[in-house]
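# Secondary and tertiary structure notes
Residue strings, one per chain:
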Amino acid sequence: PRILAMVAAALALFALIPGLRIPFLTLSAILGWLAWQTARAPKPQATKPKPKPERTEARPEDLLPVDALAVEVGVDLLYLVDERQGGELLQRIQRTRNQFAQDMGVVLPPVHLRDNMRLGSGQYIIKLRGEEVGKAKVHARKHLALDPGSARGRLKGIATTDPVFGLPAYWITDNTVLKAQGLGYTVVDVATVLTTHFQEIMAAQAHELYDSAQLNRTLERVAADDPKLVEELVPEPLSRAMVLRVFRNLIREGLSVRDAHTILEALADYAGRTRDPDILTEFVRQRLARHITRRFADEDGTIHYVGFGPDAENAILRGLQATEGAPPTLVIDPTIAQTIFLAIQKHVETFSGTSPAVVLAPPVARGALRRLLERVLPDVTVISSAELLPTAKLNPIGVVSLTNP
């Protein structure tokens, strides 16, 4: 219609021009061609309104998955993960994961970092499989000045306690950092506090994160070099669940499972004698003597230990109760047990060396004593002389005695 109207207007214009005549045949041809073009032109269709997207609610099964590891921070701590603002938390946590793989043989799962509107100012929480395993409060964009025990004087700042090691500390501003360092304080930023806290929690919980999938990858890695070792060990005489239990036992007590070949060789050697994972763990530990000696020695290669006097050692050996195929248990008088616990705690806590002090137990009683101690002193390491190299340098820092505690 628009085209026809334009043609009619043109013809009317031509009619006004003197002496211009349009033959009838030509006019008919023009009108016919325009009618044909109009007929074949697509007719505009009425546009239908777009349907509004239906509001779908989350399905119950979508709410089931949980993150293996997560760190949630308050809104004012989001700058820690924003690289545009100089945030280094992502890189630091990645370095922690790399260090764990190298030191412990454990690959930590990816860590999900996110904000949590329900957290207060400066708060953060660390979650393991959806459950909170660590929580603390810091002060955004400030520094934490820690007193290692030798700092002199007080600082102008917010008095607090270090959330990781429980040391007295102050939250200070940038312009107080140099003064704090001059007084002997150790000064760290917020990202360091959070990362150190994360490392300590992972050291205590890493055994839970070493799952069957990691064990499968470990077995595949060893089988690539020594297929017969794996074939003759798993699933007979030892099931994957038994092998996994041994690996977790080692990690739980701070030992690395990176040398999986040695661990599996030890299991293959002793699987014919027992299938109990706890007893097998003791045999594996003895095979890892080189690693254990290095693990708990200081920079001079010396292991500082708490030993047992004859009376305390006899009480422990008399209290051992063993059943066929099961690890021994330690049953001793509660008064004697308390005396032993307090003496160990006193010697360990008063030692101020660069490496932690350990408890040196009789080989046959090491596992049972460790299981008894972990209820009251979970951070104390228990080793035996059978787990150390003959050349290990030992330094006694205390003796547990029942007659002179």
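Check the entry above for the structure.
Parameters and conventions
Residues numbered from 1 in each chain as written. Predicted model: local features only at pLDDT ≥ 70, side-chain atom pairs only at ≥ 80, totals over all residues. Heavy atoms only, no water. Pairing = 2+ DSSP bridges. Helix = DSSP H or I, 4+ residues; strand = E, 2+ residues; numbered from the N terminus. Buried < 20%, exposed > 50% of the residue type's maximum accessible area, 1.4 Å probe, protein only. Right-handed = clockwise from strand over helix to strand, strands pointing away. Phe/Tyr/Trp six-rings, centres within 6.5 Å; stacked < 30°, edge-to-face > 60°. Core = buried A, V, L, I, M, F, W, Y, C linked by side-chain atoms within 4.5 Å. Contact = heavy atoms within 4.5 Å. Axes fitted to C-alpha atoms, helices over the stretch in contact; angles between N-to-C directions. 1 Å grid on protein atoms, 1.4 Å probe; cavity = no way out; pocket = protein on both sides within 12 Å on 5 of 7 lines; lining within 4 Å. Points joined across faces, edges and corners; volume = space filled by probe spheres on them. Nonpolar A, V, L, I, M, F, W, Y, C, P; charged D, E, K, R; others polar. Salt bridge = Lys/Arg side-chain N within 4 Å of Asp/Glu carboxyl O. Expected span 1.5 Å × (residues − 1). Lys, Arg positive; Asp, Glu negative; His and termini not counted.

Now for the pairing of strand β6 (residues 158–161). As defined by bridge partners, β6 adjoins strand β7 (residues 168–172) across four bridges and the pair is classed as antiparallel. Looking across to β7, one finds that Ala159 is bridged to Tyr170.

Attention shifts here to the pairing of strand β13 (residues 381–384). Residues Thr381 and Ile383 of β13 are buried on one face, and the alternating residues Val382 and Ser384, pointing to the opposite face, are buried as well. Sheet topology note: the strand β12 (residues 358–361)/β13 ladder contains four bridges and is parallel. Looking at the pairing, Val358 lines up with Thr381 of β13. Each parallel crossover has a hand, and for β12 linked through helix α14 (residues 366–373) to β13 it is right-handed.

With that settled, consider the packing of aromatic side chains. We describe a pair of aromatic rings using the distance from one ring centre to the other and the angle between the two ring planes. Taken as a whole, this structure holds three aromatic pairs when the rule is applied. Each ring, one from Tyr170 and one from Tyr185, has its centre 6.1 Å from the other, and the planes form 75 degrees; the classification is edge-to-face. Remark: Tyr185 occurs in the loop between α4 (177–182) and β8 (186–189) and Tyr170 occurs in strand β7; sequence separation between them is 15 residues. Of the two residues, Tyr170 and Tyr185, both sit in the buried class. Aromatic pair Tyr270 and Phe283: ring centres 4.2 Å apart, planes at 0 degrees, arrangement stacked. Of this pair, Tyr270 sits in helix α9 (residues 260–270) while Phe283 sits in helix α10 (residues 277–287), placing them 13 residues apart in sequence. Pair check on accessibility: Tyr270 and Phe283 agree, each one buried.

What tends to happen in soluble globular proteins is that the nonpolar side chains get buried as a cluster. Grouped together as the largest cluster of nonpolar side chains are 70 residues, with contacts concentrated most on Tyr124, Phe198, Phe247, Leu264 and Leu267. What Leu264 contacts, discounting residues up to four positions off in sequence, is Leu219, Val222, Leu229, Val230, Leu233, Val243 and Phe247. Grouped together as the second largest cluster of nonpolar side chains are 23 residues, Phe308, Ala312, Ala361 and Leu369 included.

Across the eight residues that make up α14, a large majority, seven, are buried. Buried within α14 are the following residues: Arg366, Gly367, Ala368, Leu369, Arg370, Leu372 and Leu373.

Read across the sheet, four strands follow the order β13-β12-β9-β14 without closing on themselves; strand pairing throughout is parallel. Each having just a single partner strand, β13 and β14 (393–400) make up the two edges of the open sheet. Taking the axes of each pair of neighbouring strands and ignoring which way they run, one obtains an average angle of 40 degrees across the sheet. Note: strand β9 (residues 302–308) against β14, seven bridges, orientation parallel. Each residue of the ladder has a partner; that of Thr302, found in β14, is Lys393.

In this structure, the largest pocket occupies an estimated 1500 Å³ of space. Listed by contribution, the elements that provide at least two residues to the lining of the largest pocket are α3 (89–104), α5 (190–209) and α13 (334–350). Sorting elements by how many residues they give to the lining of the largest pocket places α5 first, with seven residues. Residue composition of the lining of the largest pocket, grouped by class: 15 nonpolar, eleven polar and nine charged.

This part is about the environment of Glu83. Turning to its location among the elements, Glu83 is positioned in the loop between β1 (69–73) and α3. The contact partners of Glu83, leaving out residues within four places of it in the chain, are Leu90 and Gln91.

So, about unusual backbone geometry. Leaving glycine out, the prevailing phi sign among residues is negative, and the prevailing peptide bond configuration is trans. Residue Val234 is joined to Pro235 through a cis peptide bond whose omega torsion reads 5 degrees. Structurally, Pro235 can be placed in the loop between α7 (227–231) and α8 (240–252). With an omega of 10 degrees, the peptide bond between Glu236 and Pro237 qualifies as cis. With phi around 50 degrees, Arg129 is a residue other than glycine that occupies positive phi space. With respect to the helices, strands and loops of the structure, Arg129 is situated in the loop between β3 (123–128) and β4 (131–137). Its relative accessible area of 38% is what places Arg129 among the partly exposed residues.

This paragraph deals with the pattern of salt bridges. Counting across every chain of the model gives 16 salt bridges. With a closest N to O distance of 3.3 Å, Arg92 and Asp189 form a salt bridge. On the criterion of sequence distance, the pair formed by Arg92 in helix α3 and Asp189 in strand β8 is long-range, its members being 97 residues apart. Accessibility expressed as a relative area gives 17% for Arg92, which makes it buried.

One full turn of an α-helix is made of 3.6 residues, so residues set three or four places apart face in the same direction. Here helix α6 (residues 212–225) is 14 residues long and its end C-alpha atoms lie 20 Å apart, about the 20 Å a rise of 1.5 Å per residue gives. For α6, the elements touching its buried residues are α5, α7, α8 and α9.

What follows deals with the side chain of Asp162. Following the sequence through the fold, Asp162 ends up in the loop between β6 and β7. Of the side chains with opposite charge, Arg92 lies nearest to the buried Asp162, which makes no salt bridge, at 13 Å. Those residues within four positions of Asp162 in sequence are excluded, and the remaining contacts are Leu144, Leu146, Leu167 and Ala169.

All quantities given are derived from atomic positions and should not be read as evidence of function.
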